[in-house]
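# Residue-level structural notes
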Amino acid sequence: PFTFTPRQFTIDPQQSLEVIVSFDPSYKTDFISETVEKKVTFTVNGWPQQIPFSVQGQIIFPNLSIFPNSLIDFGTLMANIEKTKEVVMTNNMEVDVQYEWQLLSEDAGAFDVFPIAGVVPAKSKANVFFTFYAVNPPEGFKDFVGTAACHTIGGPDYCLNLNGSSAKIDWE
């Protein structure tokens, strides 16, 4: 991933030359941050000694740590009640992370998220709130399931499973 410009050159004694070292991280497609180190050796034509040195490039993707990280279970709620749970997104990276939540559910309207989009600044946390609306089920009881996908710009996607149940209570 490193290139040098110029690759070959002639230099006189006591003269200096600037060599530009470029780093191309485009080969990295797994969104995992990494530091890449390579050993480079200059060879001089007609001279047996080699000049070694190291180059380093750092690839930083916008990554989040999300807690809870897999499931938000709202339990069973009485019909027409809502419950909100908090999710903490932590950005341990040196770059801001721009995110957008998308709710994927066959049970439209049962789940909501706020804020739906935003930025988590570098080395900080942000809270997101998920709400389950226990709609009145005609059959008396209903399970609701969904998925919340957090898309990060330039980084990975994170998915949370959403579960909740609604129970109709009848009085006699």
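Described below are features of the structure shown in this document. (Residues numbered from 1 in each chain as written. Predicted model: local features only at pLDDT ≥ 70, side-chain atom pairs only at ≥ 80, totals over all residues. Heavy atoms only, no water.)

### Notes on the packing of aromatic side chains
- On inspection of all chains with the given rule, the structure shows 10 aromatic pairs.
- Chaining the aromatic ring pairs together yields one cluster made of Phe-4, Phe-9, Phe-42 and Phe-53. (Phe/Tyr/Trp six-rings, centres within 6.5 Å; stacked < 30°, edge-to-face > 60°.)

### Observations regarding the sheet that holds strand β13 (residues 157–167)
- The 5 strands are arranged β6-β13-β12-β8-β10 in an open sheet whose pairing can be described as mixed. Because the sheet does not close on itself, it has two edges, and the strands there are β6 (71–78) and β10 (117–120). Strand-to-strand, the axes of this sheet are offset by a mean angle of 25°, without reference to chain direction.
- Examined bridge by bridge, strand β12 (residues 141–152) and β13 share 11 bridges and lie antiparallel to one another. Bridge pairing links Ala-149 to Cys-159 in β13. (Pairing = 2+ DSSP bridges. Helix = DSSP H or I, 4+ residues; strand = E, 2+ residues; numbered from the N terminus. Axes fitted to C-alpha atoms, helices over the stretch in contact; angles between N-to-C directions.)

### What about the pattern of salt bridges?
- Counted under the stated rule, the structure contains 3 salt bridges.
- Residue Lys-28 pairs with Asp-30 through a salt bridge whose shortest N-O separation is 3.2 Å.
- When its relative accessible area of 15% is taken as the criterion, Lys-28 is described as buried.
- Put simply, Lys-123 and Glu-94 hold a salt bridge, and the shortest N to O gap is 3.8 Å. Placement of the pair is Lys-123 in the loop between β10 and β11 (124–134) and Glu-94 in the loop between β7 (81–91) and β8 (97–104), with a sequence separation of 29 residues.
- For Lys-123, a relative accessible area of 56% corresponds to the exposed category.
- Three or more residues are tied together by salt bridges with common partners; here these are Lys-28, Asp-30 and Glu-34. (Salt bridge = Lys/Arg side-chain N within 4 Å of Asp/Glu carboxyl O. Buried < 20%, exposed > 50% of the residue type's maximum accessible area, 1.4 Å probe, protein only.)

### A short note on the side chain of Ser-166
- Mapped onto the fold, Ser-166 is located in strand β13.
- Other than its neighbours up to four places away in sequence, Ser-166 contacts Leu-77, Ala-79, Phe-132, Ala-134, Val-135, Asn-136, Pro-137, Gly-140, Phe-141, Lys-142 and Phe-144. (Contact = heavy atoms within 4.5 Å.)

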